Amino acid sequence: MKKILLVGGDSRLSKNFMTKYKHYKNIKIFKTTRKLYKKNSIFLDFLNLSQFKNYKGFDSVVIVGGVVDYQECENNYNYAKKVNCINIPLLAKNFLKMGSHVIFISTNTVFKSKKKIPNERTRTCPGFKYAKMKDIAEKKILVLKKRYKKVTILRLTKNLDRNTSPIKKWVTDLKRNKHITAFKDLYFAPILYEQSSKIIYKIIKNKCYGIVHLSGTRDISYCEFAKLLIKKLGKNSQLLNCLNSTDMNIKLIYNHNITALNMKFTKKKLNFNPIELNKVISYLINKK
C-alpha cells in the first residue's frame, strides 16, 4: 500500500484529492494541518519546522500548502518569504532524504509571457511577489532533483469548483435573474480541482518526475466567461455588466492576459490534455 502525505491538508485542492481517492484500496492518505489538535491530521507549523518529525514512511508527498494569498505576500512579505522560499524547499529536502517522491504544486504565474504560451521548458519570468516566491521555491527544489531524482513540479492555472468566488454567487444570482458584474481586464485559463487531483494521482502512479503543466485550453476574460455561463443557463445577456477593474477603483495584483500553459511535454509523459472550457462551464452550473 502506498502512503501519500498532503502538506497543506486544509487547502481546497487537498480536500478534493482526499475526497476523490481516500477510498482507493491501494493507497492511504495522510495530511498536515496548521490547526492544533485537528483529528486525523499531522500538525505542521511552516514557521517552526524543528518541531516536525514526520518525514519517514511516505511514498509520495504533495506540497500544496504555503502562503498563497497574493495580497498577504505583498503585505506580509518577510513571513511569506520565510514560508514559501526557505521552509518549503527545506521540507522538500527532508522528505527527499527519506526516499519520498516530492510533488511541489506551483503556478502559471511564474510566467509573465509577452507573446507565446509557455511550455514546461520555457524560462520563468515572474512579475509580482507571490509569483517570484513560487519561482524561487521551484528553482531550489529542482536543484534537489539532481541528487534525489524523485521531484515533480506541477504548475496549475486557475482552479475552480462550485464554491469558488465569484463563480458561486454568479450562478446563484443568474438563476434568480439578478444582475452580475465581471471584469473585462482579468484573465484566466480555468481548470477544475477534480482534474488537478486526477493529474496528481497520475503523477504518483506513473512515477513521473520533472516539470508538468495542467491548463485550461485557452485564456478568457472573466467577462467572456460570465457570458458563457449566461448562455449555458439560458439567461438574458442583459443581466451582465462588464467593467474594467479601474472603473471600480480596484488595483489588480495580477491581470496578465496570457495565463494559459502549454502542455506539450505533459501530454507525452502522462497522456493528459488541457481542460476544455465547455467542460468547466458544464460542471459549474450542474448540481452534484
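For clarity, every value in this text was computed on a predicted model and none was experimentally measured.

Draft legend 1. Molecular detail of helix H1 (residues 12-21). Where H1 is concerned, the buried positions are Leu13, Ser14, Asn16, Phe17, Met18 and Tyr21. Elements in contact with the buried residues of H1: strand E1 (2-7), strand E2 (27-33), strand E5 (101-107), strand E6 (151-156) and helix H6 (193-206).

Draft legend 2. Just the sheet that holds strand E4 (residues 60-63), in detail. On the basis of which strands lie adjacent, the open sheet formed by seven strands has the order E3-E2-E1-E4-E5-E6-E11 and parallel pairing. The sheet terminates laterally at strand E3 (42-43) and strand E11 (210-214), the two strands that pair on one side only. In this structure, E5 lies alongside E6, joined through six bridges in parallel fashion. Among the inter-strand pairings, serine 106 is bridged to a residue of E6, identified as arginine 155. Against the sheet, helix H3 (residues 77-97) makes contact with E1, E4, E5 and E6, and its axis sits at roughly 160 degrees relative to E5, the strand it touches most.

Draft legend 3. Looking closely at the environment of leucine 90. Structurally, leucine 90 is set in helix H3. Given a relative accessible area of 38%, leucine 90 falls into the partly exposed group. Taking the C-alpha atoms as reference, leucine 90 lies 8.8 Å from leucine 49; in sequence the two are 41 residues apart.

Draft legend 4. Here's a closer look at H3. The end-to-end C-alpha separation of H3 is 29 Å, in line with the 30 Å expected for 21 residues at 1.5 Å each. Its maximal kink placed at asparagine 87, H3 deviates by approximately 35 degrees, while the proline proline 89 follows within four residues. For H3, the elements touching its buried residues are E1, E4, helix H2 (70-75), E5, helix H4 (129-148) and E6. Positive phi appears at glycine 99, one or two residues downstream of H3, with a value of about 90 degrees.

Draft legend 5. Layout of the packing of helix H7 (residues 222-233) against helix H9 (residues 277-285). In the contact formed by H7 and H9, the axes pass within 10 Å of each other and the chain directions differ by 60 degrees. Taken together, H7 and H9 sit at an angle that is classed as oblique. Our pair here, H7 against H9, has a crossing hand that is right-handed. Two secondary-structure elements touch here, H7 through Phe225, Leu228, Leu229, Lys232 and Leu233 and H9 through Leu277, Asn278, Val280, Ile281, Ser282, Leu284 and Ile285.

Draft legend 6. Summary view of the environment of isoleucine 281. Examined against the element boundaries, isoleucine 281 turns out to sit in helix H9. For isoleucine 281 and lysine 39, which are 242 residues apart along the polypeptide, the C-alpha to C-alpha distance reads 35 Å. Ignoring sequence-local partners within four residues, the contact set of isoleucine 281 consists of Phe225, Leu228, Leu229 and Lys232.

Draft legend 7. Region of interest: the packing of aromatic side chains. Tallied over the full model, the rule gives 16 aromatic pairs. Aromatic pair tyrosine 55 and phenylalanine 95: ring centres 4.9 Å apart, planes at 65 degrees, arrangement edge-to-face. Separated by 40 residues along the polypeptide, tyrosine 55 in the loop between E3 and E4 and phenylalanine 95 in helix H3 bring together distant segments of the chain. An angle of 70 degrees between the planes, with centres 6.4 Å apart, marks the rings of phenylalanine 58 and phenylalanine 95 as edge-to-face.

Draft legend 8. Main features of the pairing of E11. Within E11, five of the five residues are buried, which leaves the element mostly enclosed by the surrounding structure. Pairing of E6 with E11 involves five bridges; the strand directions are parallel. Paired with threonine 152 across the strands is glycine 210, a residue of E11.

Draft legend 9. How the structure looks around the nonpolar core. The biggest cluster of nonpolar side chains holds 55 residues, and the ones touching the most others in it are Phe17, Val62, Ile105, Leu154, Trp170 and Phe225. For this core, the element with the highest residue contribution is H7, accounting for seven residues. Discounting chain neighbours no more than four positions away, the residues touching phenylalanine 17 are Ile4, Leu6, Lys22, Ile29, Ser197, Ile200, Tyr201 and Ile204. One finds Ile88, Val102, Ala137 and Ile153 within the second-largest nonpolar core, a separate group that totals 35 residues.

Procedures and definitions
Residues numbered from 1 in each chain as written. Predicted model: local features only at pLDDT ≥ 70, side-chain atom pairs only at ≥ 80, totals over all residues. Heavy atoms only, no water. Buried < 20%, exposed > 50% of the residue type's maximum accessible area, 1.4 Å probe, protein only. Helix = DSSP H or I, 4+ residues; strand = E, 2+ residues; numbered from the N terminus. Contact = heavy atoms within 4.5 Å. Pairing = 2+ DSSP bridges. Axes fitted to C-alpha atoms, helices over the stretch in contact; angles between N-to-C directions. Expected span 1.5 Å × (residues − 1). Bend = angle between axes of the 7 residues up to and from the residue. Parallel < 35°, antiparallel > 145°, perpendicular 65-115°, else oblique. Left-handed = near helix turned anticlockwise from the far one by under 90°. Phe/Tyr/Trp six-rings, centres within 6.5 Å; stacked < 30°, edge-to-face > 60°. Core = buried A, V, L, I, M, F, W, Y, C linked by side-chain atoms within 4.5 Å.

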